[in-house]
Amino acid sequence: MSATELPASNQQQIRIEDLSLPQLSSLRDQFNSDIAKLTQLYSQLRNAISTFSECNNCVEAIASKSLNKVLVPLTNSLYVRGELVQPDNLIVDVGTGYYLEKNCSQAQKFYSNKIEYLSQNADKLAKTIEEKQTNLQVLADILATKAAALQKSQPASEASSKA
Amino acid sequence: MSLEKNLEKESLEMRKLQSEYSKLIETSQQLSSQLQENELVQKEFSLVGSDAKIYKMIGPVLVPQDKEEAGLNVEKRIEYIKAELTRVEARIKELATLQEKKSLEIYNLQMKFKEQATISK
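As named in an unreviewed UniProt entry, chain B is Prefoldin subunit 6, taken from Smittium simulii. Looking at chain B in UniProt, the text filed under Sequence similarities (unreviewed entry) is "Belongs to the prefoldin subunit beta family."

Chain A goes by Prefoldin, alpha subunit in an unreviewed UniProt entry, where it is assigned to Smittium simulii.

Shown next as structure tokens:
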């Protein structure tokens, strides 16, 4: 998340009120795209969480012996009946192409850890998004007041503004 | 006229800098997510006993792996990614300062341009 720091204007101690209208609107656009990106990331995280919980459910079903007769997909539309002969012997994808052999309780622990880890990240991300949205609101307000003030100060003349 | 050309040249360079910058940012994000994934795998390796069975997906098959070898492999990868990451980050910093300089130059040129325009009126 290193790229989600506040824009450079904060580092140089420029007050938002001092920025010109085009600067403000480009800042607003940047905020908007940031928020869109973060929201996308958030939904990706949520997806990952639900995938892992599904895995967890499956492991639970296997562990409780309620799932030992399954249909094995040979193709998308062709299935054969199968029976789990070693229900306590699972192979878990741990990432980067590596797989670990685990028993049911280990696998469950693994998935629970994953879910917890991702949930924490998702919560953090949600907070960041919220903050960004408040910032955006403030920015939009300032932009609106500035625009209104500008319109008042030069009612008729459409001359190039030297803001 | 030369001022105008100069300005054009500078803004072209600026655009180049910006595109390289955003590409690098993307690369660094990719690298950090890879780093994270590898670190998670390493953590997982450290949690299991030495008798644990490790497989690696090579093409469509799972090939059994020696645990020590797999651990070393991941460690090496992490090192490599970290080195890449520092390299990319250094370049990003460099580009950021370059961009700042360029934008200042462009601003100055624009000011000069405006001045000339008002004088010639």
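Chemist: Let's hear about unusual backbone geometry: which residues, and what values?
Modeler: Residues and elements named next belong to chain A. Located in the positive-phi region is T96, a residue other than glycine, with phi close to 50°. Mapped onto the secondary structure, T96 falls in the loop between β3 (90-95) and β4 (98-102). Note on T96: relative accessible area 17%, which makes it buried.

Chemist: Before we move on, can you summarise helix α2 (residues 67-120) of chain B with the specific residues and values?
Modeler: Across its 54 residues, α2 of chain B extends 78 Å between first and last C-alpha, which sits within 8% of the 80 Å expected from 1.5 Å per residue. Residues of α2 of chain B that are buried include every one of A70, V74, I78, I81, L85, V88, I92, L95, Q99, K102, I106 and L109 of chain B, and no others. Turning to α2 of chain B, the residues buried within the fold contact β4 of chain A together with α1 (2-47), β1 (54-58) and β2 (61-65) of chain B.

Chemist: If you had to explain the nonpolar core to someone new, which residues and values would you point to?
Modeler: The biggest cluster of nonpolar side chains holds 37 residues, and the ones touching the most others in it are Y98 of chain A together with F45 of chain B. Counting only elements with at least two residues in this core, the list comes to α1 (21-63), β3, β4 and α2 (104-153) of chain A together with α1 and α2 of chain B. Sort the elements by how many residues they give to this core and α2 of chain A lands first, with nine residues. Contacts of F45 of chain B, omitting those with residues within four sequence positions, involve Y98 and L100 of chain A together with I54, K67, A70, G71 and V74 of chain B. Ranked by size, the runner-up nonpolar core spans nine residues in total, among them L24, L136, L139 and I142 of chain A.

Chemist: Tell me about the packing of α1 of chain B against α2 of chain B, and name the residues and values.
Modeler: Residue and element names in this part refer to chain B. Direction vectors running N to C along α1 and α2 enclose 160°, while the axes themselves pass 7 Å from each other. Taken together, the axes of α1 and α2 are roughly antiparallel relative to one another. For α1 against α2, the interelement crossing comes out left-handed. By residue class, the composition of the contact of α1 with α2 is 24 nonpolar, 13 polar and 14 charged.

Chemist: Report on the sheet that holds β2 of chain B, specifying residues and quantitative values.
Modeler: Pairing is antiparallel across the open sheet formed by four strands, whose spatial order is β3(A)-β4(A)-β1(B)-β2(B). Of all strands in the sheet, those bounded by a partner on one side alone are β3 of chain A together with β2 of chain B. Geometrically, the sheet is characterised by an average inter-axis angle of 35° between neighbouring strands, direction not taken into account. Alignment of β4 of chain A against β1 of chain B, held across three bridges, turns out to be antiparallel. Bridge pairing in β1 of chain B places L100 of chain A opposite I54 of chain B. Along the sheet, α1 of chain B makes contact with β3 and β4 of chain A together with β1 of chain B, crossing β4 of chain A at roughly 30°.

Chemist: If you had to explain the environment of E84 of chain B to someone new, which residues and values would you point to?
Modeler: Residue and element names in this part refer to chain B. By the element assignment, E84 lies in helix α2. Judged by its relative accessible area of 22%, E84 is partly exposed. Separated by 57 residues in sequence, E84 and T27 place their C-alpha atoms 9.7 Å apart.

Chemist: Residues and numbers for the interface of chain B and chain A, please.
Modeler: Taken together, the 21 residues of chain B in the interface contact 14 residues of chain A. Both faces combined, the contact of chain B with chain A buries some 1700 Å², and carbon together with sulfur accounts for 58% of it. The tally of links between chain B and chain A comes to two salt bridges. The tally of links between chain B and chain A comes to seven residue pairs in polar contact (both at pLDDT 80 or more). Those elements giving two or more residues to the side of chain B that touches chain A turn out to be α1, β1, β2 and α2 of chain B.

Chemist: A description of the pairing of β2 of chain B should follow, citing residues and the corresponding values.
Modeler: Residues and elements named next belong to chain B. With five bridges connecting them, β1 and β2 associate as antiparallel partners. Bridge pairing in β2 places K56 opposite V63. Two successive antiparallel strands, β1 and β2, enclose a turn made up of two residues, where G59 displays a positive phi of approximately 60°.

Conventions adopted
Residues numbered from 1 in each chain as written. Chains lettered and ligands numbered in written order. Predicted model: local features only at pLDDT ≥ 70, side-chain atom pairs only at ≥ 80, totals over all residues. Heavy atoms only, no water. UniProt positions renumbered as here; feature names shortened; annotations may be inferred. Helix = DSSP H or I, 4+ residues; strand = E, 2+ residues; numbered from the N terminus. Buried < 20%, exposed > 50% of the residue type's maximum accessible area, 1.4 Å probe, protein only. Expected span 1.5 Å × (residues − 1). Contact = heavy atoms within 4.5 Å. Core = buried A, V, L, I, M, F, W, Y, C linked by side-chain atoms within 4.5 Å. Axes fitted to C-alpha atoms, helices over the stretch in contact; angles between N-to-C directions. Parallel < 35°, antiparallel > 145°, perpendicular 65-115°, else oblique. Left-handed = near helix turned anticlockwise from the far one by under 90°. Nonpolar A, V, L, I, M, F, W, Y, C, P; charged D, E, K, R; others polar. Pairing = 2+ DSSP bridges. Buried area = accessible area lost by both parts, 1.4 Å probe. Salt bridge = Lys/Arg side-chain N within 4 Å of Asp/Glu carboxyl O. Polar contact = N/O pair within 3.5 Å; in protein donor to acceptor, adjacent residues only side chain to side chain.

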